[in-house]
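# Fold and contact review
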Amino acid sequence: MKILLIGNPNVGKSVLFNRLTGANVIVSNYPGTTVEFVKGTMKIAGRRTELIDVPGTYTLDPVSRAEKIAVRMLEERNHEDVIINVVESTNLERSLNLTLQLIKRKLPVVVALNFWDETKHTGISIDNKKLEKILGIKCVPVCAITAEGIKHLVEKINDAKPADYHYDENKKWNEIAEILDKVQTITHRRYTWLKKLGDASVRPLSGLPIAAVVMFLAFKIIRFIGEGLITYIAEPLFLNLWTPLMTKLSAILGPGKFLHDILIGQLVGGKIDLEQSFGLLTTGLFVPLAAVLPYIVAFYTVLSFLEDFGYLPRLAVMVDTLMHRLGLHGLAIIPMMLGLGCNVPGILSTRILETRRERFIAATILATCVPCAALQAMVVGLVARHGLVYLTIIYAALITVWILLGTVLNHFIKGESPEIFVEIPPYRIPYLKGLMKKIWIRIKWFIREAIPFVLLGVLLVNLLYRLEIIQFVGKFTAPVVTRILGLPREAVGALIIGFLRKDVAVGMLIPLGLTIKQLVIASVVLAMYFPCIATFAVLLKELGVADMIKAATIMLLSSLAVGGLLNLIIPA
Amino acid sequence: MNVPESKANADAPAAKRITLSKMQAGQKGKIVEINGGYGMTQKLDALGIRVGKNITKVSEQWMRGPVIVRQNHTQVALGFGMASKVMVEIDLKNKI
């Protein structure tokens, strides 16, 4: 037996999934957080049962790609499989539409009335017993986020059965209205400050300033947390504890020996330099743990808060008009925001867009112009000391290309892009435990996914230099790298390693002693020229070979153009 | 669209029909018609935008940007184009 979690978008299926399986799936407060089904297992009466978290859908008449996945999951189910229909209690009318469709298909269903706690302070009262009687299926009140009612829900899973409830499809809304009349009473509705803030966030006169303030604060807080963690925790730990240890190891291994060069790297002025030595145990650990991780923590703290609070769909509304110029609509800002952390989840979330055309444009401009947190952390660390103006040039260049590239693609790719159509969920004060857990999931993901690649990258750098491959390639690429981009020949090494990890690639620039102008150009080019291997893999999966080749060509050409242009216009 | 205030129209309902896109923020009304194809009607239907529904327009964005409507506990943002296909009857007696 399998259990499928089915329901409208943003009703908390993934929260329930995490509760039931003990798994760690990312949950947020916007429709379309889950774009692919996720499997887990739970125990029911001692039996291991597979549980599947299905992307949200409003109807069994799918519109978006995520919805299609949901319907396909239903069609592929075995006949003993059971469905938990997760329902938003504060929005029973719309939820029941899907419930009735599930009933009509004669599926064995149990209804989980989620957000039960929220009904209380929104003045809604639901008689779940009466609802059970009318529909002929179990309806269990739950609050997935605090785990209330979960045990009860699990007990009722075995009671799931197809209901014997008939209705006329053409009059389904009348039917639903009649059901609601019987089971739901609505008393007063207070206009809370959260609601006021919610409304203000989507009115142009107040919404645009709010968006500006949110973005400014987000930037400030990320910088504050990131720099704070680096200055007060990460660097002191490395400098005071790790470096002395490594210095001893260095003496034992003997500088110049092969193992020494791989593990410790090159000594700079007779000492270990965590940024420049480029050994596995020195730079290989310092880059991911001391330079990048603090910014990963900072970025995901802020992003996770904004997601759970419910700001992202409102931001989507505010930027909708701009996004239309790029052939997209406002919701496409969500993949971009996720991409600022890591391009991989960003590109996956382009699935919330309906058409292939939109997904191609969004994925291409994301992979080209949206720098991930790891790259940004390194660039900020390297460039900020020369003055914020240079950092501004980098970001301005990327944003300009993002807009231009989108506009050009919109112009040349046939077809139209649909309009925004999305539910705006209420603002919710994030549940602290849930928020912390989510940040932790993402940090763990970074450590697991990134560090092996960083180490591999550092190892490869050593091998490539030792075998003189970088020097060799440098000769051939000199016309481009030196003439057009104005970088030293050896910078091609960073471009090679950038395919593996962009943070390591930026790190490789440090020993080259670049001028600030060269640093700016190298940073922009590294961000744009090609995706890292992890992003490359999802792009290939999402776009297919033909479109991937197109996207990659666009990246190479545009990075060359922008790098060349910057080389011409920035004074030396 | 103007509703003539002539006396010949005395038995006309005290309401006027305009598109959702032309409604003002804060106005309330009842959806009376959706001039879209099957696909669009279905899409709107799933999120509670359908004939007979009472809605409040929360806001609209500049330069023909998206329109936001509230009904019951949900808020939905829809593009200007879609909003201009939704006909709403404004209750003139209970104007706010």
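Residues numbered from 1 in each chain as written. Chains lettered and ligands numbered in written order. Predicted model: local features only at pLDDT ≥ 70, side-chain atom pairs only at ≥ 80, totals over all residues.

### Re the overall build of chain B
Secondary structure summary: chain B contains two helices and six strands in total. When the 96 residues of chain B are sorted by exposure, 38% land in the buried category. Contacts in chain B between residues at least 24 apart in sequence constitute 60% of all its contacts with a sequence separation of at least 6. (Helix = DSSP H or I, 4+ residues; strand = E, 2+ residues; numbered from the N terminus. Buried ≥ 20, exposed ≤ 12 C-beta atoms within 10 Å, placed from the backbone. Contact = placed C-beta atoms within 7 Å.)

### A few points about the overall build of chain A
In terms of helices and strands, chain A carries 25 helices and nine strands. Its C-alpha atoms give chain A a radius of gyration of 27 Å, within 12% of the compact-globule value 25 Å for 572 residues. Principal-axis analysis of the C-alpha atoms gives chain A an extent of 80 × 55 × 45 Å. By residue count, 48% of the 572 residues in chain A fall in the buried class. Pairs at least 24 apart in sequence give 71% of the contacts found in chain A among residues at least 6 apart. (Rg over C-alpha atoms; globule rule 2.2 N^0.38 Å.)

### Digging into the pairing of strand β6 (residues 86-91) of chain B
Residue and element names in this part refer to chain B. Only one face of β6 is covered, namely the one carrying Val86, Val88 and Ile90; the face carrying Met87, Glu89 and Asp91 has none of its residues buried. Direction of pairing for strand β2 (residues 28-34) relative to β6: antiparallel, over a ladder of five bridges. When the sheet's bridge partners are listed, glycine 29 is paired in β6 with isoleucine 90. (Pairing = 2+ DSSP bridges.)

### Quick look at the sheet that holds strand β5 (residues 109-114) of chain A
Residue and element names in this part refer to chain A. Strand order across the open sheet formed by six strands is β2-β3-β1-β4-β5-β7, with mixed pairing between neighbours. A single partner strand is all that each edge strand has here, and the edge strands are β2 (38-44) and β7 (139-141). Mean inter-strand twist for the sheet, computed between neighbouring axes without regard to direction, equals 25°. Its contacts with the sheet put helix α3 (residues 92-104) on β1 (2-7), β4 (82-88) and β5, and the angle it makes with β4 is roughly 165°. (Axes fitted to C-alpha atoms, helices over the stretch in contact; angles between N-to-C directions.)

### Thoughts on the domain arrangement of chain A
Residue and element names in this part refer to chain A. Domain annotation for chain A reports domain 1 (2-186) and domain 2 (204-569). Once you take the C-alpha centre of each, domain 1 and domain 2 turn out to be 38 Å apart. On the domain 2 side, the residues contacting the 16 residues of domain 1 number 21 residues. The residue inventory of the side of domain 1 that touches domain 2, partitioned by class, reads nine nonpolar, six polar and one charged. (Domains from an automatic or database assignment. Nonpolar A, V, L, I, M, F, W, Y, C, P; charged D, E, K, R; others polar.)

### So, the sheet that holds strand β4 (residues 67-71) of chain B
The antiparallel open sheet is built from seven strands, whose spatial order is β9(A)-β5(B)-β4(B)-β3(B)-β2(B)-β6(B)-β1(B). The two strands at the open ends of the sheet, each matched to only one other strand, are β9 (421-424) of chain A together with β1 (15-19) of chain B. Each strand of the sheet is rotated relative to its neighbour by a mean of 35°, with strand direction disregarded. Relative to β6 of chain B, β1 of chain B runs antiparallel, the two being bridged by five bridges. The residue bridging lysine 16 of chain B from the neighbouring strand is isoleucine 90 of chain B, located in β6 of chain B.

### Re α3 of chain A
All names here are of chain A. Compared with the 18 Å implied by 1.5 Å per residue over 13 residues, the 18 Å span of α3 between its first and last C-alpha is a close match. Counting buried positions over the 13 residues of α3 gives ten, a clear majority of the element. Among the residues making up α3, those that are buried are Leu92, Arg94, Ser95, Leu96, Asn97, Leu98, Thr99, Gln101, Leu102 and Ile103. The positive-phi residue at the C-terminal boundary of α3 is lysine 106, with phi of around 60°. (Expected span 1.5 Å × (residues − 1).)

### So, the interface of chain B and chain A
Counting residues at the interface gives 25 residues for chain B, matched by 26 residues for chain A. Secondary-structure elements contributing two or more residues to the side of chain B that touches chain A are α1 (38-46), β3 (54-60), β5 (74-78) and α2 (80-83) of chain B. It is β5 of chain B that provides the largest number of residues to the side of chain B that touches chain A, a total of five residues. Of the residues in the side of chain B that touches chain A, the class split is twelve nonpolar, eleven polar and two charged. Bridge count for β9 of chain A against β5 of chain B is four bridges, and the pairing is antiparallel. Paired with glutamate 423 of chain A across the strands is valine 76 of chain B, a residue of β5 of chain B.

### Concerning the nonpolar core
All names here are of chain A. Membership of the largest hydrophobic core comes to 192 residues, with the highest contact counts inside it found for Leu5, Val109, Ala112, Ala316 and Val524. With 16 residues, helix α11 (residues 283-309) is the largest single contributor of residues to this core. Both of domain 1 (2-186) and domain 2 (204-569) provide at least three residues apiece to this core. Discounting residues that sit within four places of it in the chain, leucine 5 has contacts with Lys13, Leu16, Phe17, Leu51, Ile52, Asp53, Val54, Ile84 and Val86. (Core = buried A, V, L, I, M, F, W, Y, C linked by C-beta atoms within 7 Å.)

### A look at the pairing of β4 of chain A
Residues and elements named next belong to chain A. The element β4 is largely enclosed, with a buried count of seven among its seven residues. A two-sided burial pattern is seen for β4, the buried positions comprising Val82, Ile84, Val86 and Glu88 on one face and Ile83, Asn85 and Val87 on the other. Inspection of the sheet shows β1 paired to β4 by five bridges, in the parallel sense. When the bridges of β4 are listed, isoleucine 3 appears paired with valine 82. Both β4 and β5 contribute to a ladder of six bridges, which runs parallel. Within the sheet, the bridge partner assigned to valine 87 lies in β5 and is leucine 113.

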